[in-house]
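# Observations on the three-dimensional arrangement
Chain residues, written in single-letter form:
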Amino acid sequence: MAIILGIESSCDETSASICIDGEIKSNIIAGQAIHANYGGVVPELASRAHQQHIIPTVDHAIQQAKIHKNDIDAVAFTRGPGLLGSLLVGTSFAKAFALARHIPLIEVNHMQAHILAHFIDEPKPAFPFLCLTVSGGHTQIVLVKDFFDMELLGQTLDDAAGEAFDKTAKILNLPYPGGPLIDKYAKDGNPDAFKLPEPQIADLDFSFSGLKTAILYMVQAQEKLNPDFLQENLPDVCASVQSRIVSILLNKLKKAAKQTGVTNVAIAGGVSANSGLRESLLAMGSRYQWNVFIPKFEYCTDNAAMIAIAGYQKYLKNDFVGQDIAPLARMHV
Ligand code: KG4
Ligand code: ZN
């Protein structure tokens, strides 16, 4: 039997999870509401909040899994990419825990973990599969050949898809993080109400900064004609923005599937919680006869269950690291 403790602290969620023989028994997430006051994550405040949350979050995860901390066989932690001060808290905790309990330490790449969240529950994708990983910091199309053998096929040249949602929300006077709110308002809006441009970017790369500017200019022009434009049209604006972001993402995914001939297609990361993206991917999948894999909501945004499951796969391979390990703000899949 293998009991893994997973620790995630790359951004603004402190999370701990217990995985027993590949099954997730707990996944506790402590969010940080403080950042809403600043319109985005403030790194210094995030580190301090991680430091406050980490012990109670780990205790809660151990309690909920109904195990004793002496039973844990290995500790897996997010090494990067992410905010360095935040990563340092999780890394230092994991190192101290492993040292004190004389158990192995496992480093996990956060972007790989978002993808490996697909191995928490059935149905699990068969290799190779394509994964569109869309979060607040990244937008990537990855060819997943094996658990830790991943090839980056395309990525954003500027803003991430989550940033496109969050920056648009700011233009629309919605609080941070705006992605879930745009999703909510879009449900009552007309996606064809406002025409927004689709950037022409080569290969499998993305760009979202032009879209953000186009939205800003459109709102400014409309507000000149009607100062109450946003109050009166919020659902239509949100639906139009969401529909354009989704079409940019899925057109590239369609291109990747065509180029590689791979028909197992997954999405991962915070933006994969978006209902428009989930619905459109399912529709595209049935049109092109793909096997589509969409994570449960709780495994889309940052969580430690994905770290624990990735850690479990490394545990099976005896893939451990020493106490000299340091976190990295930048890491590739
Ligand atoms: O993966 P994640 O939790 O953190 C990072 O690693 O970045 O992703 C957070 C991002 C934020 O930009 C947030 O606005 C976006 O995911 N997000 C959504 C939705 N839920 C979260 N974007 C659109 N629709 C949603 N339902
Ligand atoms: Zn993430």
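Small disclaimer: the values here were computed from a predicted structure and weren't measured.

Let's shift gears to the overall build of the protein. Helix and strand counts for the protein come out as nine helices and ten strands. The C-alpha radius of gyration of the protein comes to 20 Å, within 12% of the 20 Å expected for a compact globule of 333 residues. Overall, the C-alpha framework of the protein stretches about 65 × 45 × 30 Å when taken along its three principal axes. Every one of the 333 residues in the protein was classed for burial, and the buried ones make up 48%.

What follows concerns the UniProt feature "binding site: substrate" (unreviewed entry) in the protein. As annotated by UniProt and renumbered to match this structure, "binding site: substrate" (unreviewed entry) occupies Thr133, Val134, Ser135, Gly136, Gly137, Asp166, Gly179, Asp183 and Asn274. Among the structural elements, Gly136 can be located in the loop between strand E6 (129–134) and strand E7 (139–146). Apart from the residues lying within four places of it in its own chain, the contact partners of Gly136 are Cys11, Ala160, Gly162, Glu163, Asp166 and Gly270. Looking at Asn274, the number of C-beta atoms within 10 Å reads 26, which means it is buried. With residues up to four places along the chain from it excluded, the contact list for Asn274 reads Gly179, Asp183 and Gln242.

This brings us to unusual backbone geometry. Geometrically, the link from Glu122 to Pro123 is a cis peptide bond, its omega value of -5° lying close to zero. By the secondary structure assignment, Pro123 is in the loop between helix H3 (110–116) and E6. A cis amide bond, omega -10°, links Tyr176 with the succeeding residue Pro177. In this fold, Pro177 is placed in the loop between helix H4 (161–171) and helix H5 (179–186). In this structure, Asp203 takes a positive phi of about 55° despite not being glycine.

To continue, consider the pairing of E6. Counted residue by residue, E6 has six buried out of six residues, so it is predominantly covered. Neither face of E6 is open: one carries Phe129, Cys131 and Thr133, the other Leu130, Leu132 and Val134, and all of them are buried. With six bridges joining them, E6 and E7 adopt antiparallel strand pairing. Residue pairing for E7: Val134 is matched across the bridge by Thr139.

The next thing to look at is the pairing of strand E8 (residues 149–155). As judged from the six bridges shared by E7 and E8, these two strands associate in the antiparallel manner. Counted as the bridge partner of Ile141 is Gly154 from E8. The hairpin formed by E7 and E8 contains two residues between the paired strands.

Assigned domains within the protein: domain 1 (3–116 + 301–316) and domain 2 (125–295). Summarising the inter-unit geometry, the C-alpha centres of domain 1 and domain 2 are found 27 Å apart. Across the boundary between the two partners, domain 1 contributes twelve residues, which contact 18 residues of domain 2. No other element matches H3, which puts five residues into the side of domain 1 that touches domain 2.

Glancing now at the site of ligand 1. Around ligand 1, the structure places 19 residues, and the nearest of them are Gly136, Gly162, Gly179, Gly270 and Asn274. Those elements that place two or more of their residues in the shell around ligand 1 are H4 and H5. Considering only residue class, the shell around ligand 1 consists of six nonpolar, ten polar and three charged. Mapped onto the domain boundaries, the shell around ligand 1 takes at least three residues apiece from domain 1 (3–116 + 301–316) and domain 2 (125–295).

As a packed pair, helix H1 (residues 43–64) and helix H2 (residues 84–101) sit with axes 7 Å apart at the nearest point and diverge in direction by 20°. Taken as axis vectors, H1 and H2 run roughly parallel relative to one another. Seen along the crossing, H1 lies across H2 with a hand that is right-handed. Along the contact surface, H1 presents Pro43, Glu44, Ala46, Ser47, His50, Gln51 and Ile54, while H2 presents Gly85, Ser86, Val89, Gly90 and Phe93. Per-class residue counts for the contact of H1 with H2 are five nonpolar, six polar and one charged.

On to helix H9 (residues 305–316). Helix length check: H9, at twelve residues, gives a terminal C-alpha distance of 17 Å against a target of 16 Å (1.5 Å per residue), a fit within 8%. Judged by how many residues are buried, H9 sits mostly within the fold: eleven of twelve residues are covered. Burial in H9 covers these residues: Ala305, Met306, Ile307, Ala308, Ile309, Ala310, Gly311, Tyr312, Gln313, Lys314 and Tyr315. Packing partners of the buried residues in H9 comprise strand E1 (3–8), strand E2 (14–20), strand E3 (23–30), strand E4 (74–80), strand E5 (105–109) and H3. Phi turns positive, to about 55°, at Asn318, one or two residues after H9.

Calculation notes
Residues numbered from 1 in each chain as written. Chains lettered and ligands numbered in written order. Predicted model: local features only at pLDDT ≥ 70, side-chain atom pairs only at ≥ 80, totals over all residues. Helix = DSSP H or I, 4+ residues; strand = E, 2+ residues; numbered from the N terminus. Rg over C-alpha atoms; globule rule 2.2 N^0.38 Å. Buried ≥ 20, exposed ≤ 12 C-beta atoms within 10 Å, placed from the backbone. UniProt positions renumbered as here; feature names shortened; annotations may be inferred. Contact = placed C-beta atoms within 7 Å. Pairing = 2+ DSSP bridges. Domains from an automatic or database assignment. Near = placed C-beta within 6 Å. Nonpolar A, V, L, I, M, F, W, Y, C, P; charged D, E, K, R; others polar. Axes fitted to C-alpha atoms, helices over the stretch in contact; angles between N-to-C directions. Parallel < 35°, antiparallel > 145°, perpendicular 65-115°, else oblique. Left-handed = near helix turned anticlockwise from the far one by under 90°. Expected span 1.5 Å × (residues − 1).

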